[in-house]
Structure formats: C-alpha cells, structure tokens
Amino acid sequence: MGEFVRVCEAAVIPAGHAARVEIGDSAVAVFNVGGQYYALDDTCSHALASLSDGELDPEGCAIECPLHGSRFDLRTGEPLCLPAVDPVRTHEVEMRDGALWVALSPEPA
Ligand code: FES
C-alpha cells in the first residue's frame, strides 16, 4: 500500500455521490455510501469508462459502469455481473479533519 494522499474535502462528495480524483498517474473514484467512503480505480476493468460517472447502488454497495452495465462491489472491486470479468483495484480511504485521504494499492502483478 502506498502513502496516504489528501484528495479532497469530504464535503465535496455528498452521500450517494462520487468524485474522480487523480493521484499521480492514477485516476481514482471515491464514493460516499451513507457516510462510508470507498475508493476504486476509476477506469472500468472491461473498457474505457469512468466508474465515477456510473450509477451508485447504496443498498448493494455497488457501482454500475455507465458504458456496458457491469456492477462492481465497492468493498472488494469484484465484478458482480458481465461483461467485466476482472476486478478493479480498491484503495484505502481515511477521513482526517474533514478531508479524505487515499492510499493506493499496488498494481496487480
Ligand atoms: S466499460 Fe465497463 S462494463 Fe464495459
């Protein structure tokens, strides 16, 4: 796991919403599900779509890709339905003094 990097004020991502942030060369989607924050790679594992533009399912704790509709579990990054078959990386998120900090997970081998 990389070092925690401050990405934004928590208030800019209301519950039920997402934001796309950049950490170095990595685009990361940060989601707020009822005050619980999750961070995933923003780019879908199937093709070039931005998961932060997808439809958030707070009850299922999942995000639906806006391009072809694969759903990903926000806790694990695992796809819940086709066409995506590979997971997206998940990243650690911490709240510190009202700001969100994200630590990137390593790239898969
Ligand atoms: S680009 Fe996400 S499911 Fe195809």
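Scroll up to find the structure.
The following paragraphs examine the structure supplied in this document. (Residues numbered from 1 in each chain as written. Predicted model: local features only at pLDDT ≥ 70, side-chain atom pairs only at ≥ 80, totals over all residues. Heavy atoms only, no water.)

This part takes up the pairing of strand β3 (residues 26–33). Among the eight residues that make up β3, eight are buried, leaving the element largely enclosed by the rest of the structure. The alternating pattern of β3 places S26, V28, V30 and N32 on one face and A27, A29, F31 and V33 on the opposite face, and all of these are buried. Sheet topology note: the strand β2 (residues 18–23)/β3 ladder contains six bridges and is antiparallel. Note that in β3 the partner of R20 across the bridge is A29. Counted between consecutive antiparallel strands, the loop separating β2 from β3 contains two residues, among which G24 sits at a positive phi close to 60 degrees. Here β3 pairs with strand β4 (residues 36–41) via six bridges, running antiparallel. Among the inter-strand pairings, A29 is bridged to a residue of β4, identified as L40. Between β3 and the antiparallel strand that follows it, β4, lie two residues; G34 among them carries a positive phi value of about 60 degrees. (Buried < 20%, exposed > 50% of the residue type's maximum accessible area, 1.4 Å probe, protein only. Helix = DSSP H or I, 4+ residues; strand = E, 2+ residues; numbered from the N terminus. Pairing = 2+ DSSP bridges.)

A separate point is the nonpolar core. Formed by 16 residues in total, the largest nonpolar core has its most connected members in F31, L40, L51, I63, F72 and L74. Mapped onto this core, the elements with two or more residues apiece are β3 and β4. Tallying contributions element by element places β3 first for this core, with three residues. (Core = buried A, V, L, I, M, F, W, Y, C linked by side-chain atoms within 4.5 Å.)

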